[in-house]
Amino acid sequence: MRTRLIAGNWKMNMDRHSGAVLLNELKGILTPDRIGQSVSVVVCPPFPLLGLAGDILGSTPLSIGAQNMHHEKGGAYTGEISADMLVSFGCRYVIVGHSERRRYFHETDEIVNRKALRALGSGLTPIICIGETLEEREAGSTMDIIERQVSGVLEGFDRAMLDRVILAYEPVWAIGTGKNATPAQAQEVHRFVRDLLDERYSPEAGEGVTILYGGSMKAENAYDLLSEPDIDGGLVGGASLDARQFTGIVDAACRAREHQG
Ligand code: PGA
């Protein structure tokens, strides 16, 4: 059975104080009894709060992820953060290729691919983001874009490596806009991605890959999205900054999993 996972991407929000408050709230609500074994929960705060997150969440079932990393191992890259540094701060996951990184920091599929490879090499699980813009969707080229991104970001990945990554489908037009993809729209793309992987690797390869949906996921719409057969979890931005919203999404993921058996 695929891993069901909810990841909160705090983006450039929270400071030392408000971050500690939110982390303690999450720790208090998302107890082992509440989330059980069925759903993995990951919190991705900004870099300066990773140490704090490690201290607060250390003995809980919640894992820590980073929002980005550099693709080189280390050295003269002023202002950058390496995968090994993240590991030393207790990170298990790292988001790579978020559309905001692509848009504002000019990250290409090639760079995202190098980051994902480096993450794996350091023992991190990359959460690799893909997704089309509104113009691309309206032009009817969603599946072409997705196909190009999937092959670009997974260049050089063999089957064993594929099993160690998480993909996140995030339609750019749904991110931070309050306008989520409908469950059917998201399901269609998730199925398409799985079929691509089946074709590219082996017939069942795509079936084992966890694929998250991201884009205006909230406690109110999470259950319907997560009940789709190929949507394994969520990458949550805005709603991850509110403990009740975020834990509501985790609860919805637990219910969806129970329902699917
Ligand atoms: P959103 O962001 O939930 O605020 O739409 C999702 C994301 O960017 O990962």
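Chemist: Before we go on, may I ask you to explain the site of the ligand in this structure?
Modeler: Every one of the 13 residues lining the ligand counts as a neighbour, but K11, H98, E170, G176 and S216 are closest to it. The backbone of S216 places a nitrogen or oxygen atom 2.7 Å from an oxygen atom of the ligand. At 2.9 Å, a backbone N or O of G237 approaches an oxygen atom of the ligand. In terms of residue class, the shell around the ligand is built from four nonpolar, seven polar and two charged.

Chemist: Where do I start with the packing of helix 1 (residues 16–29) against helix 3 (residues 50–57) in this structure?
Modeler: Packed helices, taken two at a time, are described by their axes: the angle between them and the distance between them. Where helix 1 contacts helix 3, the two axes come as close as 10 Å, and the packing angle between them is 30°. The orientation of helix 1 relative to helix 3 falls into the category roughly parallel. Where helix 1 crosses over helix 3, the two elements pack in a sense that is right-handed. Along the contact surface, helix 1 presents R16, G19, A20, L23, N24 and K27, while helix 3 presents L52, A53, I56 and L57. Looking at the contact of helix 1 with helix 3, its residues break down into six nonpolar, two polar and two charged.

Chemist: What should I look at first to understand the side chain of S216 in this one?
Modeler: Among the secondary structure elements, S216 is positioned in the loop between strand 7 (210–214) and helix 11 (219–226). Using a relative accessible area of 15% as the deciding quantity, one classes S216 as buried. From its side chain, S216 meets the backbone nitrogen of K179 in a polar contact 3.4 Å long. Ignoring anything within four residues of it in the chain, the contact list for S216 reads A174, G176, T177, G178, K179, N180 and N221.

Chemist: Mind showing me how you'd approach the pattern of salt bridges here?
Modeler: If the charged atoms of two oppositely charged side chains come close together, the side chains can form a pair. Under the counting rule described, the total for this entry stands at 18 salt bridges. R2 is paired through a salt bridge with D232; the nearest N and O atoms lie 2.9 Å apart. You can see R2 sitting in the segment before strand 1 (4–9) and its partner D232 sitting in the loop between helix 11 and strand 8 (233–236), a full 230 residues away along the chain. Here R2 matches D232 in class, with each residue buried. As a salt-bridge pair, D163 and R159 come within 3.7 Å of each other at their nearest N and O atoms. Among the residues examined, R159 registers a relative accessible area of 29% and is labelled partly exposed. The structure contains a network of salt bridges with shared partners spanning R2, R191, R194, D195, D198, E207, D230 and D232.

Chemist: How do you make sense of the packing of aromatic side chains when you look at a structure like this?
Modeler: The geometry of an aromatic ring pair is captured by the separation of the ring centres together with the interplanar angle, meaning the angle of the planes. The final tally for this structure, using the stated rule, is one aromatic pair. A cation over a ring is seen here: R101 above F105, with NZ or CZ 4.0 Å from the ring centre.

Chemist: Got a minute to help me understand the environment of T125 in this structure?
Modeler: Assignment of secondary structure puts T125 in strand 5 (residues 125–130). Counting along the chain gives 67 residues from T125 to G58, while the straight-line C-alpha distance between them is 18 Å. In contact with T125, not counting residues within four places along its chain, are R92, Y93, V94, R164 and I166.

Chemist: Help me understand unusual backbone geometry in this model?
Modeler: Most peptide bonds adopt trans geometry, and most residues besides glycine take a negative phi value. The backbone of K11 shows a phi angle near 55°, a positive value even though the residue is not glycine. Mapped onto the fold, K11 is located in the loop between strand 1 and helix 1. A positive phi angle, close to 55°, is found at H106, a residue other than glycine. Within the secondary structure, H106 is located in the loop between helix 5 (99–105) and helix 6 (109–121).

Chemist: Hey, could you run me through helix 12 (residues 243–260) in this one?
Modeler: At 3.6 residues per turn, the α-helix brings residues three or four places apart onto the same side. Taking 1.5 Å per residue, 18 residues should reach 26 Å; helix 12 reaches 26 Å between its end C-alpha atoms and fits that length. Along helix 12, the positions that sit buried rather than exposed are A243, Q245, F246, T247, G248, I249, V250, A252, A253, C254, A256 and R257. Looking at the packing, one finds that the buried side of helix 12 touches strand 1, helix 1, helix 2 (32–35), strand 2 (39–44), helix 11 and strand 8. Two to three positions downstream of the cap, the backbone nitrogen of R244 sits 3.0 Å from a side-chain oxygen, assigning the N-cap of helix 12 to D242.

Here is what the cut-offs are and how they apply
Residues numbered from 1 in each chain as written. Predicted model: local features only at pLDDT ≥ 70, side-chain atom pairs only at ≥ 80, totals over all residues. Heavy atoms only, no water. Near = heavy atom within 4 Å. Polar contact = N/O pair within 3.5 Å; in protein donor to acceptor, adjacent residues only side chain to side chain. Nonpolar A, V, L, I, M, F, W, Y, C, P; charged D, E, K, R; others polar. Axes fitted to C-alpha atoms, helices over the stretch in contact; angles between N-to-C directions. Helix = DSSP H or I, 4+ residues; strand = E, 2+ residues; numbered from the N terminus. Parallel < 35°, antiparallel > 145°, perpendicular 65-115°, else oblique. Left-handed = near helix turned anticlockwise from the far one by under 90°. Contact = heavy atoms within 4.5 Å. Buried < 20%, exposed > 50% of the residue type's maximum accessible area, 1.4 Å probe, protein only. Salt bridge = Lys/Arg side-chain N within 4 Å of Asp/Glu carboxyl O. Phe/Tyr/Trp six-rings, centres within 6.5 Å; stacked < 30°, edge-to-face > 60°. Lys NZ or Arg CZ within 6 Å of the ring centre and 35° of its normal. Expected span 1.5 Å × (residues − 1).

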